[in-house]
Each structure stands twice: as C-alpha cells, then as structure tokens.
Amino acid sequence: MEADVPFVVLDVLRTIKYPLKVTVMSCWDRVDKFELFNALNDRYLTSFSDDHISQFVEDINDHQTFLVVDLSCRNTVQLLTAAGKLLYIKYRWLILNSNFYKANQPNGQEQVEFFMEKLRELPLLVSSEIFVIIKEKNRHYRIEQIFKQSVDSSLLVESFGTWINGSLMDDRTLKVTSIRRLNLNGHNLRASLVVTNPDTMHHLTDYRDKHIDTISKVNYILTNCLVHYMGAQVNYSIVSTWGYFNTSTKRWDGMIGELSHGLADLGASPLFFTTDRIAVIEYVAMTSATRSKFIFRSPKLSYTENVFLLPFDDFVWVCTAAVVLLASFLLVITAHAEWHVPLAADDSSDASILRASFRDTLLMIYGATCQQGSSTLPRSLSARTITMITFTILMFLYVCYSANIVALLQSPSTKIRTLDDLLASRLKFGAHDTVFNRYYFTHAMEPTRQAIYERKIKQLDGSASFIPLEQGIDRIRKGLYAFHVEQGVGYKVISETYQEDEKCGLQEIQYLQVIDPYYAIQKNSSFKEHVKIGLFRINEHGIQHRENSNLYTKKPKCTGGGGKFVPVSLVDTEPAILVIIWGAGLAAAIFTGELVWVKSLRRYQDWKGSHVVQMVYSD
C-alpha cells in the first residue's frame, strides 16, 4: 500500500466529521497496519480485525463506526455479503484495493468498473455511505461513492472529492447524503393503504364521504405529495386492516404484514404506536392529529348531583340552621316569661297563642322556613318582633333558594370529567364498529378501561355494543349516551344532523392510551431519511394542515345558546320524592309504634285493674 493512502483515508474522515471509531478488516501485513494506525490514532480510536469475520456485533455506537476493507484480500467480498443490511444502515464503509496503488495500476475508469463489478450484487442502497479510492496518478486520488436506489437497480457513482498532494477538495454540492440523493429518478415505491369501505376507492381525493376511511384519505393525498417530492412513482396495494399478529401462523397480517414481509415500502395509512409493532415497522412522523374519544351530551345536573342541596354553600346551610334554633330558643324564653306576666284579659284558653314549648316553637319556625306560615303567634311585643325578623330573614333565603333551583334544573352537569366518572355515571355506552375499536376494547388491561368494556360495552349474551356511526350519533342526540368514535368523523355527522341548540353541551373523554397515529415504513428501510425529510417538508409547507382541515371536522361551536327549555322530569324531583317516601314511611312507623304502645298500655292497665280486683276479693 502506498504511503499516501493512510493520509487520503484520514482526510476523508476529517471531511465527513462524524466517525469516532475506525475498524480495519484486512489481510495487511504489520507495516501497512502500522502506517494507517500511525496516521489515524491521534484523532480516532483505531482497531484492526481479520478479514474473515462474517458476523457483526451491533451496539449502540454503531453509527459512529467507520469500517475499512480491502478488496485485494480474498475474503473481503464474503465479508461484505455477510454484512447485509449493515451496508446501508449504521456503518460507513471505505473500500480499497491496495493492488491498484502500486506502480502499474490500471487507469481510473478501469478501477471504477472493477469496483462496480465486485459490488454490483451487494445491497448498497440509497442510504448507504460507501467510499472507494481511485488512484489517478502519483499523489492524485479520486474518492467516489457508490450506491443504488433498489436491490435490483444498477449501481450509480457519485463524486465525493479529489485528493492532490496532501489536500482533499470536497466535490459535493450538498453535504447531507439523503438530501443529495433525494431524487429517486422515477423509482417505483410500493405503498400499502387500508380501506374498510369499498366505495372509498372512488372518493380518495374528491372530499366526499369525509367520515368514511378519513385517515386513509388524508394520507393517500400526503403519500402522493411525498412520492412526487422524492421524484418517484408509487403503486398501491389495498388491504382491509392495519394488521395484527396471528399466533397460529406467527405472522403479521394487513398493512403491517406487507411492511414486515417486504411487500410494501410505505404504510400509506398511519397507525397507532404500540410496543409490539416497534420490532417489525418503523414509525417516522405524525401526519394526522386525530383521536378517538367518548362523545356525549352533558346530562342534566340532577343526574349527577342533588340539586336541592346545591343552591346554598355549606356555611349558609349551617347559618340557616343556627337562625332557626336561635329564633326558637329566644321565642321559648319570651313565651315562658309572658305566660308568667298577668294580662288584663285572661286568654289562656286561646289556641292561637304560642305556648312556652320548644317543640311547638321549633315547629312554628320550621313552617316559616318553608314559607308555610304558622297557626300560633306570641302575645308580647318582644316575641312578635323576633317572629317578624325571623320570617323576613327566612323569606329572603327562600327566594334565593327557589331562584337558584330553577336555574340548576336547566343546567348541564360538568362533573363527568374522567373515565372513572364516566364509568360511575348512569349513561349507556356504545362504540363505532371499526377494526381498531374492536381490538382496543377487547384487549384493554387497565382496570377502569377493562371495566368499561365488561360492564358497559359487553352485553349479557356475549355480544358488544359496536354499532354503525349514524346510529351512535343519533343516540348521543337523545341524551344519556356515550359513543366512542373518531373525533373528526363523529363531529362531521353531528354538524350535519344536529340542530344548533343540540350542539351545545358536547363533552369528550379519551379512552385509548395511545398517542396520535404515525406514518410507518418498512423496518430498516433505506428510504427512511427521504420519507422523514419529505413528510417534514409537507408539514412545513402547510399541505398536511390543509388536508387534515379539509377532511377532519372540528368540534361544532355552540351557537344556539343552549337556550332550549328542558322539562322537569322525575329524575330532577327524585330527592323530593324520596323525602316524601321516607317521611311517609317514618310517619307510618311512628304511628304504628304509637298504636302498639297505646294498646300495650291499655292491656297493662286492664291487667293491673283485674289483678287489684282479685286481690280485693281474695281478702
């Protein structure tokens, strides 16, 4: 190996900047190894290995490794063949042929043709970083990069730089490889698209039936933009599901199956991020900000609260009770005093005069609290002053209470905010009949979510409440129904079918524990950087936002004011009815107890009287 070659390698490493570790796999003698080691070791961690290695141990720092191999060694081609996908991911490669650097080397074109002949069967795909050194003449070298756009396509040569008399001139117009090779020159990409409704194929770009296969329609347009940006062509394959792992065949089906088995390069329908899919597909970017949630109309406040206790704060209730007790106590004192003061006229037999009894006084004040008045009144001026003040205070409280009750009976509830609140509510449940809804509901492991499926979705006969979209939206309109549906899809139907006042009070609670769906590609795809850059550009230019806005409907605004009168139902008056029932039951129990007591007392008296008579006769 010529003395200049180690310095050419060093200048190549300096130009690309990123390698930290250099590994040389060759059959060189000690002198050649020492010359390269001496040139590189001051700047890079350099190591040597035999050229017969057929397996690579991957570690977290592989992307910082630069491999040097020599085609003049007899095992190098087998080494490169064994590398496989590592030729275009993680590692960077410098391929030499030390025989070319001797005195009678072939010309530059012959050297290029030699490299292309040796490397043409290898997967040097578009993301690869393969460098070859071509000797032109003494102290004049040309560094080329070799790659191909697909496994079956021919090799392409790209100029990297020219090394002359110890100086390397960078010939690249663009430094980033994925940008430099962005144009795929009409290469045919394969994309897998999930379509659940056959009619979708007729409306992929005309924005009709936006609520059907919405996520696929959005990303079909974005995929076409992406392919155009990459200068490629695309062929679509249509599948009916995103894909699940079949335990019997040990294979993935649907779109994931096509990506994992190499039948598709792009997953044109984004999918949710789950841990079991990470090993078989590559997530690239979020293209559709859509989520599935439970949508429901806020129930009346009386469905979640006792409206008869809400008008007053706890402290007001305490103060009201204190006023009643204090007024009763003061009236008892004044009534007791006035009954001991002789008056001009003796009215002790008048039933309308308040007696000095705490029980009667408390009953009178309670009647005043309920605005029912009183059949008895005190005699003295001081007691009547207390009564008037108490009646006035309680009148204002009653007016405030009644006005607040009227407002509360027309108010929606905002108490249902979490899944636990939703589970504890009296709402009925349903879910849009889609593939991912059936999967996520039946595979839920978190206790609350599992309970929602078992107690609310699953029926007694073993079936589940997975229903059509229009039916679920109509049940939301009728109230007391929570429907799990994709937001944009559900709101599209709501916007078109609901009256303006019916669009008020819509609430939503997220059920799925997943982030927004991501665009996916084949695992270890050589187009990963191309797709990532393309999707980011599409997002930056506003195309992604435009398509999402055109196809996804946002939550409708409440323009009806929510002023529709809601009639009072039995649910609203349930606490009052319960008071009547419990009061009637308590009264009946007390009445029964009194009857038993009176009869028992009479029997006892009769027995006692007869016993006394017997004693008299016996005497």
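Note that this is a predicted model, so its numbers are computed, not measured.

## Let's talk about the nonpolar core
Counting residues in hydrophobic clusters, the biggest one holds 68 residues, and the most contacted among them are Phe294, Leu422 and Val531. By residue number, the principal contributor to this core is helix α6 (residues 214–229), which donates seven residues. If near-sequence neighbours (up to four positions away) are discounted, Leu422 is found in contact with Phe294, Phe296, Ile416, Leu427, Phe429, Ala482 and Ile509. Formed by 51 residues, the second largest nonpolar core is a distinct cluster that contains Val8, Leu36, Val69 and Ile143.

## Quick look at helix α10 (residues 381–409)
Its 29 residues give α10 an end-to-end C-alpha distance of 42 Å, which sits within 8% of 42 Å, the value for a rise of 1.5 Å per residue. Here α10 has its buried residues at Ala383, Ile386, Thr387, Thr390, Leu394, Tyr401, Ile405, Leu408 and Leu409.

## What to know about the confidence of the model for the protein chain
Taken over all residues, the pLDDT of the protein chain has a mean of 84, while the share at 70 or more is 90%. By mean pLDDT, the top-scoring element of the protein chain is strand β9 (residues 188–194) (95), and the lowest-scoring one is helix α9 (residues 358–369) (75).

## Structural notes on the pattern of salt bridges
One pass over the structure, following the stated rule, counts 24 salt bridges. Between Asp4 and Arg139 there is a salt bridge; the shortest N-O distance is 3.1 Å. In this pair, Asp4 is assigned in the segment before α1 (5–16) and Arg139 in the loop between β5 (130–137) and β6 (140–147), connecting sequence segments 135 residues apart. According to the relative accessible area criterion, Asp4 is buried, its value standing at 14%. The partner of Glu454 in a salt bridge is Lys458, with the nearest N and O atoms 3.9 Å apart. Take Lys458: its relative accessible area is 33%, and that puts it in the partly exposed class.

Cut-offs applied
- Think of each chain on its own: its residues are numbered from 1, step by step along the sequence as written.
- Given that the model is predicted, a residue must reach a pLDDT of at least 70 before its local features are reported, and side-chain atom pairs must reach 80 or more before they are shown or counted; all residues, however, enter totals for whole chains, interfaces and linings.
- Excluding hydrogens and water, the side-chain figures rest on all heavy atoms present in the structure.
- Residues belong to a common nonpolar core when they are buried Ala, Val, Leu, Ile, Met, Phe, Trp, Tyr or Cys residues joined through side-chain atoms within 4.5 Å.
- For the exposure calls, accessible area comes from a 1.4 Å probe over protein chains only, and a residue counts as buried if that area is under 20% of its type's maximum, exposed if over 50%, partly exposed in between.
- Secondary structure is summarised from DSSP: a helix means a run of H or I of at least four residues, a strand means a run of E of at least two, and numbering begins at the N terminus for each.
- Residues count as neighbours in contact if any of their non-hydrogen atoms are within 4.5 Å of one another.
- A helix is expected to reach a length of 1.5 Å times the quantity of its residues less one.
- The predictor attaches a confidence to each residue, called pLDDT, with possible values from 0 through 100.
- Salt bridge, as applied in this entry: a Lys or Arg side-chain nitrogen positioned within 4 Å of an Asp or Glu carboxyl oxygen.

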